Amino acid sequence: MRAFLALRTQLRYRQAMAAAWDVIVIGGGHAGCEAAAAAARFGARALLLTHKIETIGEMSCNPAIGGLGKGHLVREIDALDGLMGRLADAAGIQFRLLNRSKGPAVRGPRAQIDRARYRAAMQAELLATPNLEVRADAVEDLVIEAGRVAGVIGASGATYRAGRVVLTTGTFLKGVICRGDERIAAGRVGEAPAIGLADRLYALGLKMGRLKTGTPARLDGRTIDWARLEMQPGDPEPTPFSFLTGRITGPQIECGVTYTTAETHRIIAERLSESAVYGGRLGGKGPRYCPSIEDKVVRFPDRTSHQIFLEPEGIDGDTVYPNGISTSVSEATQDAFLRTIPGLGHVAVRRYGYAIEYDYVDPRALTTALEARALPGLYLAGQINGTTGYEEAGAQGLVAGLNAARAAAGDEPVSFGRDEAYIGVMIDDLVTRGVTEPYRMFTSRAEFRLRLRADNADQRLTGRGIALGVVGSERAGVFHVKQSALTEARETACQLTLTPAEAVRAGFRVNPDGQRRDLTQLLAYRDIGFADLARLWPQIETWAPEIREQIENDAAYAGYLDRQDADVEAFRRDEQLRLPAELDYARVGGLSSEARERLAAVQPATLGQAARIEGVTPGAITALLAHVRRRAA
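Per chain, residues are indexed from 1 in the order of the written sequence. Restriction of local features to residues with pLDDT of at least 70 applies here, the model being predicted, together with a cutoff of 80 or more for giving and counting side-chain atom pairs; totals for whole chains, interfaces and linings are based on all residues. Processing note: side-chain calculations cover all non-hydrogen atoms of the structure and skip hydrogens and water entirely.

### Some remarks on the pairing of strand β8 (residues 148-154)
With a 1.4 Å probe rolled over the protein chains alone, any residue whose accessible area is under 20% of its type maximum counts as buried; one over 50% counts as exposed, and the rest are partly exposed. In DSSP terms, a helix is any run of H or I states spanning at least four residues, a strand is any run of E spanning at least two, and both are numbered starting from the N terminus. The element β8 is extensively covered by neighbouring structure, given that 5 of its 7 residues are classed as buried. Between any two strands, pairing holds if DSSP finds at least two bridges. What sits between strand β7 (residues 139-145) and β8 in their antiparallel hairpin is a turn of 2 residues, with alanine 146 showing a positive phi close to 55°. In the sheet, β8 pairs with strand β9 (residues 159-167) via 3 bridges, with the strands oriented antiparallel. Looking at β9, one finds that valine 152 is bridged to tyrosine 160. If you look at the hairpin formed by β8 and β9, you'll find 4 residues sitting between the two strands, and glycine 157 has a positive phi there, around 95°.

As structure tokens, this is what we get:
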């Protein structure tokens, strides 16, 4: 009888845990946080499941957000009412606008972040989000019914049911940490990897592979000789990430700058066999644009020094992140080479660096909604898709969470075009071309980057986010106020004009062609600035800084944007030609075997996407277009 009662209690517990949600998000990293928040903002009943609630929002690697290309992604996440930009502003301790001397299209906002404050802010935000429940449980398997995902099974034995599941597992899928001869099964230091979940993905027949990343030692800032270092301050007037942030008010810090030495390189070269990669302990491909110090020594043998930024991890603590020397050599070798670096002669290490290798899914197995074609209802976001970086993960999480919520509501999936957003560029790159190394965003990846500036992310995306139901009322209100002010300023700019003669009398050199020029056209001249025109028309001095910035940037690129319009129009024509989902490429005449194989693997949604697949020639696109037109006739 006692055994029966215990069994009945256990069954009741499991039934209670089996309450249905619309969307379940697995993982509390940057992708998972944005996915859960986006699903809940849309109105879905969302559940976030993670190993530990205390590590939600953890910055596992460097304590920084943004940068070239990455800062654009943060602005776009923010424009769609995501969390990363606002919380980075609240926890930022040093802000810098990179490429400030270059054009607005390639400027990248970046900030050093107080790791503890960011983590606390993210946890508080999620725990207070309506429609979102947060629970601690490691997920070991998926529930699959009738060929669709139907929920997940936790390590606790509980079953959580939902028709849409978003996996954001980061480096946890069969993760292995390597440092010297050490090899530890872990998804992160001190946390177990996800083995059962990885096995399930392999069983689904998804093409998978191994990638790696690494991190440097964490240093005790009290043992660094800061007096020997060059110090780098932030910008005098910090540039926020979020369009909702008026100004940055938190305390700001300086970072130290130092360099490796010839002795540093000698020690590493002599002990290269300790490295996870060069010692043959790991086979996964690492990020080319963020190489380990071992990679730098091998790839650049003529260099006698490499720059290191000593970045404090917070205002209240004294742990320092040495950006530029990620490593996987032994602890003894790390101690030895660190002490050859100026300012680090007596440094104490708080945690040694390591490399981590993990499973990822070939993103070509996904639709542009980030849904797995092999298992409807399953969405993937973040490092599981072969990307690297908090910003890339957060952007994918937002799209996956939104699409999971829309699917649960019976709505069509949403995607963003390459002409609309860096988010669209990234996802199209992933699902069309796949990855051979961890994918990182750069401005050079975008064909239409003059349009996809960080300063106009809200103008490009917030209106669409409102229509999609993922933008809340506060941001919508702020956006509409800014839109009205911008419209009024643009109308004023069109009305304020000068003839060539009037311009000369005002001290401006313009072509004496008899044409009247408005304020925007005058601003396009290199030697005419906003302050010059404000002396003529004092009313423009009342424009808010963000309105003035938009007008100035639009003027700077006006001629180029007009020429790019034709390219955008051609791109959109190809994107509007949808390819049937059931298209049998074996029946398309005029295709080579390679083209058929690649098209069948990716299953492009549009003719434009098909043209971007590696190995698909212009001739193949012509044949494909002719076949589709014959079908439609």
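### Structural notes on the sheet that holds strand β12 (residues 208-215)
The strand order across the open sheet built from 4 strands is β11-β10-β19-β12, with neighbouring strands paired in antiparallel fashion. Each edge of the open sheet is held by one strand with a lone partner, namely β11 (182-185) and β12. The sheet shows a mean angle of 25° between the axes of neighbouring strands, direction not considered. Here 4 bridges tie strand β10 (residues 176-179) to β11, and the two strands are oriented antiparallel to one another. The residue of β11 that forms the bridge with isoleucine 177 is isoleucine 184. Only the stretch in contact is used when fitting a helix axis, every axis being a line fitted to C-alpha atoms; angles between N-to-C directions are given from 0 to 180 degrees.

### A look at the nonpolar core
Buried Ala, Val, Leu, Ile, Met, Phe, Trp, Tyr and Cys residues form a nonpolar core when they are joined through side-chain atoms within 4.5 Å. Of all hydrophobic cores here, the largest spans 104 residues; its most connected members are Ile24, Ile65 and Tyr118. For this analysis, residues touch if any pair of their heavy atoms sits within 4.5 Å. Discounting chain neighbours no more than four positions away, the residues touching isoleucine 65 are Met59, Val74, Met84, Ala88, Pro109, Arg110, Ala111, Ile113, Tyr118, Phe241, Tyr390 and Glu391.

### Things to note about the sheet that holds strand β15 (residues 255-259)
Sheet strands associate in pairs through backbone hydrogen bonding, adopting either a parallel or an antiparallel arrangement. In space, the 6 strands of this open sheet follow the order β14-β15-β16-β17-β13-β18, with antiparallel pairing throughout. The two strands at the open ends of the sheet, each matched to only one other strand, are β14 (230-232) and β18 (349-351). For this sheet the average axis-to-axis angle between neighbouring strands, irrespective of direction, equals 35°.

### Topic: the packing of helix α3 (residues 70-79) against helix α10 (residues 390-408)
Look at α3 against α10: their axes get within 9 Å of each other, and the N-to-C directions meet at 30°. When the axis of α3 is compared with that of α10, the two are roughly parallel. The handedness of the crossing between α3 and α10 is left-handed. Here α3 contributes Lys70, Leu73, Val74 and Ile77 to the contact with α10, which in turn contributes Glu391, Glu392, Gly394, Ala395 and Leu398. A breakdown of the residues in the contact of α3 with α10 according to their chemical character gives 5 nonpolar, 1 polar and 3 charged. Here is the rule for angles: anything less than 35 degrees is roughly parallel, anything more than 145 is roughly antiparallel, 65 through 115 is roughly perpendicular, and the remaining ranges are oblique. A crossing counts as left-handed when the near helix is turned anticlockwise from the far one by less than a right angle, and as right-handed when that turn is clockwise. Charged means Asp, Glu, Lys or Arg here, nonpolar means Ala, Val, Leu, Ile, Met, Phe, Trp, Tyr, Cys or Pro, and polar covers whatever is left, Gly included.

### As for the environment of alanine 120
With respect to the helices, strands and loops of the structure, alanine 120 is situated in helix α5 (residues 115-127). In this structure alanine 120 comes out as partly exposed when scored by relative accessible area, which is 44%. Separated by 33 residues in sequence, alanine 120 and leucine 87 place their C-alpha atoms 9.7 Å apart.

### Some points on the environment of arginine 148
Note on placement: arginine 148 falls in strand β8. A relative accessible area of 32% means that arginine 148 is categorised as partly exposed. Along the primary structure arginine 148 and alanine 374 are separated by 226 residues, whereas in three dimensions their C-alpha atoms are 9.0 Å apart. When near neighbours in sequence (up to four residues on either side) are disregarded, arginine 148 contacts Val143, Gly163, Arg164, Leu375, Pro376 and Gly377.

### Some thoughts on unusual backbone geometry
One can expect most non-glycine residues to show negative phi and most peptide bonds to be in trans. Look at lysine 174: it is not a glycine, yet its phi comes out positive at around 50°. Located in the positive-phi region is leucine 370, a residue other than glycine, with phi close to 70°. Note on placement: leucine 370 falls in the loop between β19 (354-361) and β20 (378-380). For leucine 370, a relative accessible area of 1% translates into the label buried.

### Overview of the side chain of histidine 306
Within the fold, histidine 306 resides in the loop between α8 (293-299) and β16 (307-312). Ignoring sequence-local partners within four residues, the contact set of histidine 306 consists of Thr258, Tyr259, Thr260, His265, Ile293, Lys296 and Phe300.

### Details of the packing of aromatic side chains
Aromatic rings considered in pairs are described by the distance between their centres and by the relative angle of their planes. The rule is short: rings of Phe, Tyr and Trp, with Trp giving its six-membered ring, pair when the centres are within 6.5 Å, and they are stacked under 30 degrees, edge-to-face over 60, tilted in between. Using the criterion set out here, one finds 4 aromatic pairs in the structure. With 6.2 Å between their ring centres and 45° between their planes, tryptophan 21 and tyrosine 160 make a pair best called tilted. You can see tryptophan 21 sitting in strand β1 (residues 20-26) and its partner tyrosine 160 sitting in strand β9, a full 139 residues away along the chain. On the basis of relative accessibility, which here comes to 2%, the residue tyrosine 160 falls in the buried class. With a centroid separation of 6.4 Å and 50° between ring planes, the pair formed by phenylalanine 95 and phenylalanine 241 is classed as tilted.

### Quick word on helix α11 (residues 422-433)
Here the expected span of a helix is defined as 1.5 Å times the quantity of residues minus one. A rise of 1.5 Å per residue sets the reference length of α11, with its 12 residues, at 16 Å; its end C-alpha atoms lie 16 Å apart and thus fit the reference within 8%. Of all 12 residues making up α11, 11 are buried, and the element is well covered by its neighbours. Within α11, the full set of buried residues consists of Tyr422, Ile423, Gly424, Val425, Met426, Ile427, Asp428, Asp429, Leu430, Val431 and Thr432. On the buried face of α11, the contacting elements are α3, α10, α18 (593-602) and α19 (607-611). Looking one or two residues past α11, glycine 434 carries a phi angle of roughly 70°, positive in sign.

Purely geometric numbers; function is a separate question.
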